[in-house]
Amino acid sequence: MPSRKGLLALGLAAVGAGAGLAAQHQMVQRRRRNDPEASEQFGERRGIRSRRLERPDGAGVFIEEAGPPGARGAVFIHGSALRTDMWHYQLPGIGDHRLVFYDLRGHGRSVPKGDADFSIEVLAADLEAVIEESGLEEVVLVGHSVGGAVAMELCRRRPDLMGSVVCGLVLVTTSYRPLAETTGGGAAIAQLDRWIRRPLEMMGPGSRYVDRLRKIVRPSDALFIAVSMIGFGPAASAKQIDFTYDMLADTPSDVIFDLIKSYRDFDMRDYLDEIRLPVLVVGGSKDHITAPQASEYLAAHLPKAELRLLEGAGHMLMMERHREFNTMLERFFDDQLGAGGPHGQ
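Here goes a summary of the coordinates provided. Quantities reported herein were computed from a predicted structural model and do not represent experimental measurements.

Parameters at a glance
Residues numbered from 1 in each chain as written. Predicted model: local features only at pLDDT ≥ 70, side-chain atom pairs only at ≥ 80, totals over all residues. Heavy atoms only, no water. Pairing = 2+ DSSP bridges. Helix = DSSP H or I, 4+ residues; strand = E, 2+ residues; numbered from the N terminus. Axes fitted to C-alpha atoms, helices over the stretch in contact; angles between N-to-C directions. Core = buried A, V, L, I, M, F, W, Y, C linked by side-chain atoms within 4.5 Å. Buried < 20%, exposed > 50% of the residue type's maximum accessible area, 1.4 Å probe, protein only. Contact = heavy atoms within 4.5 Å. Parallel < 35°, antiparallel > 145°, perpendicular 65-115°, else oblique. Nonpolar A, V, L, I, M, F, W, Y, C, P; charged D, E, K, R; others polar. Phe/Tyr/Trp six-rings, centres within 6.5 Å; stacked < 30°, edge-to-face > 60°. Lys NZ or Arg CZ within 6 Å of the ring centre and 35° of its normal. Arc of directions from axis to C-beta. Polar contact = N/O pair within 3.5 Å; in protein donor to acceptor, adjacent residues only side chain to side chain. Right-handed = clockwise from strand over helix to strand, strands pointing away. Salt bridge = Lys/Arg side-chain N within 4 Å of Asp/Glu carboxyl O.

Across the sheet, which stays open at both edges, the 8 strands sit in the order 1-2-4-3-5-6-7-8 with mixed pairing between neighbours. Here the strands that pair on one side only, and so sit at the sheet edges, are strand 1 (49–54) and strand 8 (305–310). Between one strand axis and the next, the sheet turns through 20 degrees on average, direction left out of account. With 5 bridges joining them, strand 3 (residues 72–77) and strand 4 (residues 98–102) adopt parallel strand pairing.

Generally speaking, nonpolar side chains in soluble globular proteins are found buried as a group. Ranked by size, the top nonpolar core spans 48 residues in total, and within it Val75, Leu141, Leu169 and Ile275 carry the most contacts. Non-local contacts of leucine 169, meaning those with residues more than four positions away in its chain, are made with Val140, Leu141, Ala151, Met152, Cys155, Ile275, Leu277, Pro278, Val279, Leu280 and Phe332. Grouped together as the second largest cluster of nonpolar side chains are 41 residues, Phe101, Ala236, Leu317 and Phe332 included.

Direction vectors running N to C along helix 2 (residues 120–133) and helix 3 (residues 146–157) enclose 80 degrees, while the axes themselves pass 8 Å from each other. Our classification of the angle between helix 2 and helix 3 gives roughly perpendicular. Facing helix 2, whose interface residues are Ile120, Glu121, Leu123, Ala124, Ala125, Leu127, Glu128 and Ile131, helix 3 presents Val146, Ala149, Val150, Ala151, Glu153, Leu154 and Arg157. Tallied by class, the residues present in the contact of helix 2 with helix 3 amount to 11 nonpolar, no polar and 4 charged.

We now examine the side chain of arginine 83. Within the secondary structure layout, arginine 83 lies in the loop between strand 3 and strand 4. Residue classification places arginine 83 among the buried positions, given a relative accessible area of 14%. Apart from residues no more than four positions distant in its own chain, arginine 83 is found in contact with His78, Asp103, Gly108, Phe243, Met247 and Asp250.

Considering all chains together, one arrives at 6 aromatic pairs under this definition. Aromatic side chains phenylalanine 42 and tyrosine 89 sit 5.9 Å apart centroid to centroid with 75 degrees between the ring planes, which places their arrangement in the edge-to-face category. With phenylalanine 42 in the loop between helix 1 (4–33) and strand 1 and tyrosine 89 in the loop between strand 3 and strand 4, the pair connects residues that are 47 residues apart, well separated along the chain. Overall, tyrosine 89 belongs to the buried group, its relative accessible area being 8%. With a centroid separation of 4.0 Å and 15 degrees between ring planes, the pair formed by tyrosine 176 and tyrosine 297 is classed as stacked. In this pair, tyrosine 176 is assigned in the loop between strand 6 (166–172) and helix 4 (179–182) and tyrosine 297 in helix 10 (residues 292–301), connecting sequence segments 121 residues apart. Its relative accessible area of 9% is what places tyrosine 176 among the buried residues. Note on tyrosine 297: relative accessible area 23%, which makes it partly exposed. Among the aromatic residues, those joined into a cluster by ring pairs are Phe76, Trp87, Phe101 and Phe333. Its end group placed over the ring of phenylalanine 62, arginine 109 keeps NZ or CZ at 5.3 Å from the ring centre.

Let us look at helix 7 (residues 221–231). Because each turn of an α-helix spans 3.6 residues, side chains separated by three or four positions end up pointing in the same direction. Inspection of helix 7 places Asp221, Phe224, Ile225, Val227, Ser228 and Gly231 among the buried residues, and these make up the whole buried set. Summarising the axial view, the buried residues of helix 7 lie within an arc of 165 degrees, below the 170-degree limit, and thus occupy one face.

Okay, the environment of aspartate 267 next. As for its placement among the helices and strands, aspartate 267 is situated in the loop between helix 9 (253–263) and strand 7 (279–284). Its relative accessible area of 25% is what places aspartate 267 among the partly exposed residues. Along the backbone, aspartate 267 and serine 175 are 92 residues apart, and their C-alpha atoms lie at a distance of 8.9 Å. Every residue in contact with aspartate 267, bar those within four places of it in the chain, is listed here: Arg156, Tyr176, Arg177 and Pro178. In this structure the side chain of aspartate 267 is engaged in a polar contact, spanning 2.4 Å, whose partner is the side chain of arginine 269.

Quick look at the pairing of strand 5 (residues 138–144) now. Of all 7 residues that make up strand 5, 6 are buried, and the element is covered over most of its length. Of the strand pairs in this sheet, strand 5 and strand 6 are connected by 6 bridges, and their pairing is parallel. Bridge pairing in strand 6 links leucine 141 to leucine 169. Between the parallel elements strand 5 and strand 6, the chain passes through helix 3 in a crossover that is right-handed.

Right, let's get into unusual backbone geometry. In this model, valine 111 is joined to proline 112 through a cis peptide bond whose omega is 0 degrees. The backbone phi angle of alanine 81 is positive, close to 65 degrees, even though this residue is not glycine. According to the relative accessible area criterion, alanine 81 is buried, its value standing at 8%. Despite not being glycine, threonine 173 shows a phi value in the positive range, around 40 degrees.

Turning our attention to the pattern of salt bridges. A full pass over the atoms with the stated rule returns 26 salt bridges. We note a salt bridge from aspartate 160 to arginine 158, for which the minimum N-O separation is 2.5 Å. Given a relative accessible area of 45%, aspartate 160 falls into the partly exposed group. When its relative accessible area of 25% is taken as the criterion, arginine 158 is described as partly exposed. With a closest N to O distance of 4.0 Å, aspartate 258 and lysine 261 form a salt bridge. Of this pair, aspartate 258 and lysine 261 both sit in helix 9, 3 residues apart, which is roughly one turn of the helix. The exposure class of aspartate 258 is buried, given its relative accessible area of 14%.

Here it is, written out as structure tokens:
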């Protein structure tokens, strides 16, 4: 039977835990009350034109656009387990440029995910198909996280497009090698990935059961804080954090497992010097998913790269620092596509 001292210690620990949870809840509620983005209707903003692209293996790709039509424009590739809605602040338009957004296969409205092996190479082939279907003769590729990897992979597999069709890249919080090796935590995360690799592969066929479990798990203050710390800088909007969690929670588990496997063999280190395009590399100093050192490495090894490292920003900087980000995009688009946009052709 526990001693009186043991019972007292347990009681004090319980009181301390309760006080900690109460303080945590108050902090989250305070962030929500003081949120300047609280009125934003995330997930409801749509492009002015939309369509579907059917891929040979049965995958469906949802595409939407902003800006005037034309043969010059930018294609936006979102990060893993997200969707086109993450470009909430870019969907209204950037200058006078044509903007094409699409959901990666298996994400958002791009279902079904198709029968092809899920890989960076397949995602790059989808990107090429989006460019061709859109009739773009000159394009800047804007890739966030794994979307940046997909953009670079397209340059590797189709070098003939560089300088002829693809005239520039914007790599946003993007890695150049397996994500587990460039995330915050580095070697420890890579070791963890090796430990869980087999269990994840075994779990894949049972992903529907994982999805059922995820539906039971409700957003909590702890989950809010976790998404905030991992994906955002310290001053990020609570509404942006909540919406990012919603996008992550809506992505099917089998797609997430497929993406984790697809990262493992991605390595651009021996190819970066062949991407002789103007490249804008944008990173966040508080990014804990793709460490800022990855952005610095890309900028140092890409022949025509410019680095913009946003102090205090995290992985989702296109949301939390959208005004600065859009200004950078407009300048880069003007330089690579012409200040007049499609009307200037």
